[in-house]
Amino acid sequence: MLDYHENPETLHVNTLPTRAYCIPYHDWQSAVRGERGASQRMLYLGGLWDFAYYPSYAAMPDTVEYAGSIPVPSVWQTQGYDRHQYTNVRYPFPYDPPFLPAENPVGAYRRTFTLRKRDGFLYQLHFEGVDSCLYLYVNGAFAGFSQVSHSTSAFDITDWVSDGENTLEVRVLKWCFGSYLEDQDKFRMSGIFRDVYILERPEAHVENVRIRTALTGTAAAEIAVTLNVTDERLDPTLTLIAPDGSRLMKRKASDGTVLQVGDPMLWTAETPALYTLVIQTDAEVIAQRIGIREVRVENGVVLLNGKPVKFRGVNRHDSDPVTGYAISPEQLVRDLRVMKRHNINAIRTSHYPNAPWMPELCDRYGFYLISESDIEAHGTVMLYGCGDMNLKQKFSIVPRSPMFQEAILDRVQRNVLRDENRPCILLWSLGNEAGFGPAFEKAGRWVKDYDPTRLCHYEGMFYAQEDSDTSMLDVVSRMYPSLREITAYFEEKQDSRPLVLCEYIHAMGNGPGDAQEYQKLIDRYPGFCGGFVWEFCDHAVDAGGSAEGKRKYHYGGDSGETLHDGNFCVDGLTYPNRRPHTGFLEYKNVVRPLRARLIPADGVTVELSNRMDFLYADEYADLRYELVHNGRIAAEGKLALAHIPPHGSAEVRIPVVAPDGGAVLLNLFYRTVSEHPLVPAGHELGFDQLTLREARVAPELPERQAGTLILEETETQFLIQGERFAYRFSKLSGLFEGMVFDGRERLSAPMEYNIWRAPADNDRYIRPEWEGAGFHEAQTRANGASAVLKSGAVIIAVHVVLAAVYRQWIVKIGAEFTVDPGGAIAMRLTVEKNADMPFLPRFGVRLFLPKDCCRAAYYGFGPTESYADKRHGTRLGLFHTTAAENHEDYIKPQENGSHHGCDFVTVTEARGAGLCVRSDTPFSMNLSPYTQEELTAKPHNYELVQSEHTVLCADYWQSGLGSNSCGPELLPGYRLSETRFAFSLRIDPTG
């Protein structure tokens, strides 16, 4: 058996040198269209291949028995072989480089194809992605070996193929030496997962194309074209086509040809203008899209075409719940469409190069890329004994080891050489989370020497030791720094380089919070060039449908694997099917391209700021406005925007007059004025809400005539009876346990004091403290209850303590309730929190309503869920929902569906009978078909069982969400950590 896969000195055997990606065509028209499937010089080998799976490469027989078939491209775990495994940091095999486990699974592939072999032509076989390595056999003969899963491996198979039928056999190993450098946070999948094809090339052909663009003046640019040819007698012709399709120039190529372009259309993500360079020989035609642009750092600021640019980015893995990381162009365009419609302008290809056509699509549709090399080795931090090392040593074991030096350089070079002609790539990334050491210094110097026209990035510089050199890195990159750290970086001038957050505001589950706080700093500091949210989509495996019709998604541990990291892969801005999370709506509005502020003037005047880097406001947006009085639209209209320059502002008069009295809000909605290939005209880019007059909004409730109250007392209850109602108050719980009004019970179970929430994913580090303090199992003890009839009302006073078994008290409550003759209950709670306890998840009252009492109207932040630190994608208003609609169905159940800043919420059944809850100060409310206990207990949403009640929570405050599953701790201002506070509620029966 060949053992190249365990040899660090033999990374590739018989592979062609890495070249800039291009497809040759047989004629001009096909080349310019660029549909590679139409090229007669490409023999596509996708489709069904014969397949055999063996649990061990070492035990695989010499003669393979192909018992089945498998699609190519695909990963074999989605085809019924092996099993899924999700692990983040920990290696899925023992750390013993360069060796792998003896039971190293292998997939054996076979494909026959017919070739019309022509004299004078070469036949090059391309694998665009194979995890983890491949042994290639052509017509029974060993033809080569290669690794680097997310890189193209090409072989010249001319001498192995013949005219007529031929057979390819490929042995793909699950793990190889390169797997030590591919410890990315993702499901671990295997197989030929990207396209396979043969290119027919004339012996004399253009071997490589290298394109560089530069701005040479205010209205001039040059395109430098370097061609490597296999025969010096080859005489290619170059034709440059403008973005509008006109031919600008035609000339013979020479060594180092420079094309001068006057008045160029410059490429940016906002204006993705592409020229086309056609390279023609007698035997083939190659077309390359060219974006004329220039990126550099000046005075600590990233400049594109001489202008400051900010990244509003996301991290993106290749991921699909059905196909794994076998991704088609159609699937990628789906992702790009979702991103563009949520104001994303940049992508980090975490943590490897994508398929070679991916940057081409980003060129076309307008996205900036950090193109990352296929390197991650953070598994070393989990090695036994590493706990005794400092973090820099732990992370840097691999790049400081001579064994990995050439492999790291090889992977960085393959990333750069394949995609060097793509204008969307502004930064080359050396990899991710592999520490720092001589290997990265060498690779970084090579990048800057080979391609000084782009910036070099590597977050691992944060782990550089004292003997390290990071001068080849153009930006300082950080993951999840706190706001304080960012401020210190700029205020204390810790480094002169621009700062980029390659990962921040971890979007796992119900999150992220704090997006607006980070954006304020991005806007404040010119050298803060933006960030990339972790991450774009939830990673999960489609496991079919549940009996109730829900999609079942599996995460780590659901495939029977013992080593896994649970649902840490379910951490995106979208669900696996790309439906946006509410966190994506939050981020979309935080990075909206226009912002407004109210300015003092006669009438209603706002200052509009254009946050685009290159477009004038009227080139991309118009404005729709709403004047809202006490939650109802009083006036609305549409305005064309002024010619506001990038980063500029202008005053805009809104033709409305604020009504007298009450709350008056001005909603401004920004919409696209023209169609983009991924975004329709009229698409909402974001909104602002400005307060013209602040006031509380009251619910519409009928006035009730006063009557006579009767107060009775039993050993455990106070009984209050009016003309239309009978209420029961528990002297043991300190709350009402029954409310009959007009003969209908409005509570289906007793009220409860409420401090627990089903932990959100971003609560993962505070949750043990909450549970250690007993918040999740707090018991209520009331004492000293008294009730009197006074001035025609019943007044109840009681002292309440919440505490858990064997632990000290959590909160003490002095509660006073006033029941008026119409049946309204006024509740005032004076609360003392134990200062020795962690901050509370929430504090409030939980009401259990009859199941059919599930229709709600509320005035607060909506229409989607909102929290103290996650409400910028919502607006204050009057909204309607139901318990079912209000539930946000996260794959791993958790706190969801709350609404921050409410004045009131009214919950009724179909005929209007129910309860209205309001407060003197804004409160949070949540209406759900599930209890928080159910949401806490169940690991998957499809396992949830609805409560027999409709659950209504009315909270004085609910702590924010933050991003502490991976990011910094929740900001103090969003924690419920007050030791003393007061909370009032009024409950009115309706109907």
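Preceding block: the structure.
Residues numbered from 1 in each chain as written. Predicted model: local features only at pLDDT ≥ 70, side-chain atom pairs only at ≥ 80, totals over all residues. Heavy atoms only, no water.

(A) Spatial organisation of the sheet that holds strand E46 (residues 735–741). Spatially, 5 strands are ordered E43-E44-E45-E46-E47 in an open sheet, and the strand pairing comes out antiparallel. The strands lining the two open edges of the sheet, one partner per strand, are strand E43 (710–713) and strand E47 (744–745). Relative to E46, strand E45 (residues 725–730) runs antiparallel, the two sharing 6 bridges. From the neighbouring strand, Arg-728 faces E46, where its bridge partner is Gly-738. (Pairing = 2+ DSSP bridges. Helix = DSSP H or I, 4+ residues; strand = E, 2+ residues; numbered from the N terminus.)

(B) Molecular detail of the state of the cysteines. For the structure shown, the criterion picks out 0 disulfides. Unpaired in this structure, Cys-22 has its nearest cysteine sulfur neighbour in Cys-424, at a distance of 16 Å. Among the residues examined, Cys-22 registers a relative accessible area of 16% and is labelled buried. Looking at Cys-953, it has no disulfide partner, and the nearest cysteine sulfur is the one in Cys-902, 12 Å off. Accessibility expressed as a relative area gives 5% for Cys-953, which makes it buried. (Disulfide = S-S within 2.5 Å. Buried < 20%, exposed > 50% of the residue type's maximum accessible area, 1.4 Å probe, protein only.)

(C) Up close: the packing of aromatic side chains. The final tally for this structure, using the stated rule, is 51 aromatic pairs. Ring centres of Phe-51 and Trp-76 lie 6.2 Å apart, and the angle between their planes is 45°; on these two criteria the pair is classed as tilted. With Phe-51 in strand E3 (residues 47–54) and Trp-76 in the loop between strand E4 (68–72) and strand E5 (86–87), this residue pair connects regions lying 25 residues apart in the sequence. A relative accessible area of 1% means that Phe-51 is categorised as buried. (Phe/Tyr/Trp six-rings, centres within 6.5 Å; stacked < 30°, edge-to-face > 60°.)

(D) Quick look at the sheet that holds strand E41 (residues 664–672). Taking strand neighbours across the sheet as the criterion, the 4 strands line up as E39-E38-E41-E42 in an open arrangement whose pairing is antiparallel. At either end of the open sheet lies a strand with only one pairing partner, and these are strand E39 (632–640) and strand E42 (684–693). Across this sheet, the average inter-strand angle for adjacent strands is 20°, counted without regard to direction. Bridge count between strand E38 (residues 621–629) and E41: 9 bridges; the pairing is antiparallel. Bridge assignment links His-629 to a residue of E41, and that residue is Val-664. (Axes fitted to C-alpha atoms, helices over the stretch in contact; angles between N-to-C directions.)

(E) Layout of the environment of Ala-141. Within the secondary structure layout, Ala-141 lies in strand E10 (residues 141–147). Not counting residues within four places of it along the chain, the set of residues in contact with Ala-141 comprises Leu-136 and Trp-160. (Contact = heavy atoms within 4.5 Å.)

(F) Quick look at the pattern of salt bridges. Under the criterion given, the structure shown has 69 salt bridges. The shortest N-O distance in the salt bridge between Arg-36 and Asp-195 comes to 2.5 Å. One end of the pair, Arg-36, is in the loop between helix H1 (28–33) and strand E2 (42–44); the other, Asp-195, is in the loop between strand E14 (191–192) and strand E15 (196–202), with 159 residues separating them in the sequence. Exposure remark for Asp-195: the relative accessible area of 13% places this residue in the buried category. Taken together, the shared-partner salt bridges connect Arg-194, Arg-316, Asp-318, Asp-320, Arg-334, Asp-335 and Arg-578 into one network. (Salt bridge = Lys/Arg side-chain N within 4 Å of Asp/Glu carboxyl O.)

(G) Layout of the packing of helix H2 (residues 329–340) against helix H3 (residues 357–365). The interhelical angle for the contact between H2 and H3, taken along N-to-C directions, is 40°, at an axis separation of 11 Å. As H2 runs across H3, the sense of the crossing is right-handed. On H3, the residues touching Pro-329, Leu-332, Val-333, Leu-336 and Lys-340 of H2 are Trp-357, Met-358, Leu-361, Cys-362 and Tyr-365. Tallied by class, residues from the contact of H2 with H3 come to 9 nonpolar, no polar and 1 charged. (Left-handed = near helix turned anticlockwise from the far one by under 90°. Nonpolar A, V, L, I, M, F, W, Y, C, P; charged D, E, K, R; others polar.)

(H) Expanded view of the packing of helix H5 (residues 405–419) against helix H6 (residues 438–450). Close contact between H5 and H6 brings their axes to 9 Å; oriented N to C, the two are set at 30°. Comparing the axis directions of H5 and H6 gives the class roughly parallel. The chirality of how H5 crosses H6 is right-handed. Contacts between H5 and H6 involve Gln-405, Glu-406, Ile-408, Leu-409, Val-412, Gln-413, Val-416 and Leu-417 on the former and, on the latter, Pro-438, Ala-439, Phe-440, Lys-442, Ala-443, Trp-446, Val-447 and Tyr-450. Its residues assigned to classes, the contact of H5 with H6 comprises 12 nonpolar, 2 polar and 2 charged. (Parallel < 35°, antiparallel > 145°, perpendicular 65-115°, else oblique.)

(I) Inspection of the nonpolar core at higher detail. Counting residues in each nonpolar core, the largest one holds 96 residues, and the members touching the most others are Phe-311, Leu-336, Phe-367, Tyr-368, Ile-408 and Phe-528. In terms of residue count, H5 provides more of this core than any other element does, 6 residues in total. In this structure, Ile-408 is in contact with Leu-181, Ile-375, Val-398, Pro-399, Ala-439, Phe-440 and Ala-443, ignoring residues within four places of it in sequence. Of all hydrophobic cores here, the second largest spans 68 residues; its members include Met-751, Ala-787, Leu-829 and Ile-987. (Core = buried A, V, L, I, M, F, W, Y, C linked by side-chain atoms within 4.5 Å.)

(J) Structural context of helix H9 (residues 582–590). Among the 9 residues in H9, 8 count as buried, and that is most of the element. For H9, every residue scored as buried is listed here: Thr-582, Gly-583, Phe-584, Glu-586, Tyr-587, Lys-588, Asn-589 and Val-590.

(K) Fine view of unusual backbone geometry. Pro-97 connects to Pro-98 through a cis peptide bond whose omega is 10°. The topology assignment puts Pro-98 in the loop between E5 and strand E6 (106–115). Here the bond from Gly-511 into Pro-512 is cis, since omega is 0°, no more than 30 degrees from zero. Here Pro-512 shows up in the loop between strand E32 (499–504) and helix H8 (515–524). Even without glycine at this site, Asn-299 takes up a positive phi of about 55°. Within the secondary structure layout, Asn-299 lies in the loop between strand E23 (295–298) and strand E24 (301–304). A positive phi angle is found at Ile-505, which is not glycine, with a value near 35°. Mapped onto the secondary structure, Ile-505 falls in the loop between E32 and H8.

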